[in-house]
Amino acid sequence: MGRPSTAEVKRRLVHASGSGMPLLYLLGLVEWRTLGYLFVFLAAVVSVLELLRLFGGLQWAVYDELTREYEQDNVAGYALYVYSQTAVALVFGPHIAVPGMLMLTIGDPISGLLGSAPVGELKSARTLAAMFAVCFILAAPFVIPVSGVVAGGLAAAAGAAGATLADGAKPVVAGYVIDDNLSIPPVACTAIAVTLWLLA
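Thresholds, definitions, all that
- Residues numbered from 1 in each chain as written.
- Predicted model: local features only at pLDDT ≥ 70, side-chain atom pairs only at ≥ 80, totals over all residues.
- Heavy atoms only, no water.
- Core = buried A, V, L, I, M, F, W, Y, C linked by side-chain atoms within 4.5 Å.
- Buried < 20%, exposed > 50% of the residue type's maximum accessible area, 1.4 Å probe, protein only.
- Helix = DSSP H or I, 4+ residues; strand = E, 2+ residues; numbered from the N terminus.
- Contact = heavy atoms within 4.5 Å.
- Patch = residues over 30% accessible without salt bridge, like charges linked within 9 Å, V, L, I, M, F, W, Y side chains within 5 Å.
- Areas by Shrake-Rupley, 256 points an atom, 1.4 Å probe, with all protein chains shown as cover.
- Salt bridge = Lys/Arg side-chain N within 4 Å of Asp/Glu carboxyl O.
- Axes fitted to C-alpha atoms, helices over the stretch in contact; angles between N-to-C directions.
- Parallel < 35°, antiparallel > 145°, perpendicular 65-115°, else oblique.
- Left-handed = near helix turned anticlockwise from the far one by under 90°.
- Nonpolar A, V, L, I, M, F, W, Y, C, P; charged D, E, K, R; others polar.

A. Highlighting the nonpolar core. Residues Trp32, Met101, Met103, Ala163, Ile184 and Ile192 are the most contacted members of the largest nonpolar core, which totals 38 residues. Of all the elements in the fold, those that place two or more residues in this core are helix H3 (32-55), helix H5 (77-91), helix H6 (94-114), helix H7 (125-147), helix H8 (149-168) and helix H9 (180-199). At eight residues, the largest contribution of residues to this core is made by H7. Apart from residues no more than four positions distant in its own chain, Trp32 is found in contact with Tyr25, Ala89, Phe92, Gly93, Pro94, Ala97, Val98 and Met101.

The following block contains the structure:
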């Protein structure tokens, strides 16, 4: 495994900084519904920025640092990152949505620093195992207190597996790369919710 580039490290640090949004709720600074409104506002802001970038000629230097080549003519990962978290904040309760958000903001950058893979290929088993372990650790404190050790543990494992699957490969559909910024939270949260429903 090669050493991550400076640009890659910057991307991962920005990625991790997104943990500040769910942290607002966890610290009791905002209510869950208010956090959802904040995400909607943020989604609107990034939508305007992406419209200006893609169709209005907006070319800030930060885009060169924080976007990848395949994002130049498509919606960038930072916008998908906000959209996916907005979606789970609006659809799921906090004990399900917060783990999915943290799997993206913390689990994904750790996985990215440990190893990457070309578009359409699977990451190494070592990187996948690390992603699963980190995501399970992130989910367990939220679902186990609500659902018990057995159901909560299985739900945390299911969410971690979903996040790992979403992170492990970036499939290409109709020429468009399905970015894990978009897929990790909804896949993980759906896996947690379905498991809890099945075990209820």
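B. Fine view of a nonpolar patch on the surface. A cluster of nonpolar residues, Val149, Val150, Leu154, Val194, Trp197, Leu198 and Leu199, forms a patch on the protein surface that exposes about 770 Å² of accessible area. The biggest single contributor to the nonpolar patch is H9, with four residues. By relative accessible area, Trp197 is classed as exposed at 66%.

C. Local environment of the packing of H6 against H8. At a closest axis distance of 11 Å, the pairing of H6 and H8 adopts a crossing angle of 55°. For the element pair H6 / H8, the angle class is oblique. Between H6 and H8 lies a crossing whose hand is right-handed. Each of Met103, Asp108 and Ser111 in H6 lies in contact with H8, whose residues at this interface are Gly159, Ala160, Ala163 and Asp167. For the contact of H6 with H8, the class distribution of residues is three nonpolar, two polar and two charged.

D. Examining the side chain of Thr127 more closely. Relative to the helices and strands, Thr127 resides in helix H7. If we ignore the near neighbours within four places in the chain, the residues touching Thr127 are Ser111, Leu114 and Gly115.

E. Layout of the packing of H6 against H7. The N-to-C vectors of H6 and H7 enclose an angle of 160°; their axes lie 9 Å apart at closest approach. Compared by their axis directions, H6 and H7 come out roughly antiparallel. Relative to H7, H6 is oriented so that their crossing is right-handed. Residues His95, Val98, Pro99, Leu102, Met103, Ile106, Gly107, Asp108, Ile110, Ser111 and Leu114 of H6 pack against Arg126, Thr127, Ala130, Met131, Val134, Cys135, Leu138, Ala139, Phe142, Val143 and Val146 of H7. Broken down by class, the residue content of the contact of H6 with H7 amounts to 16 nonpolar, four polar and two charged.

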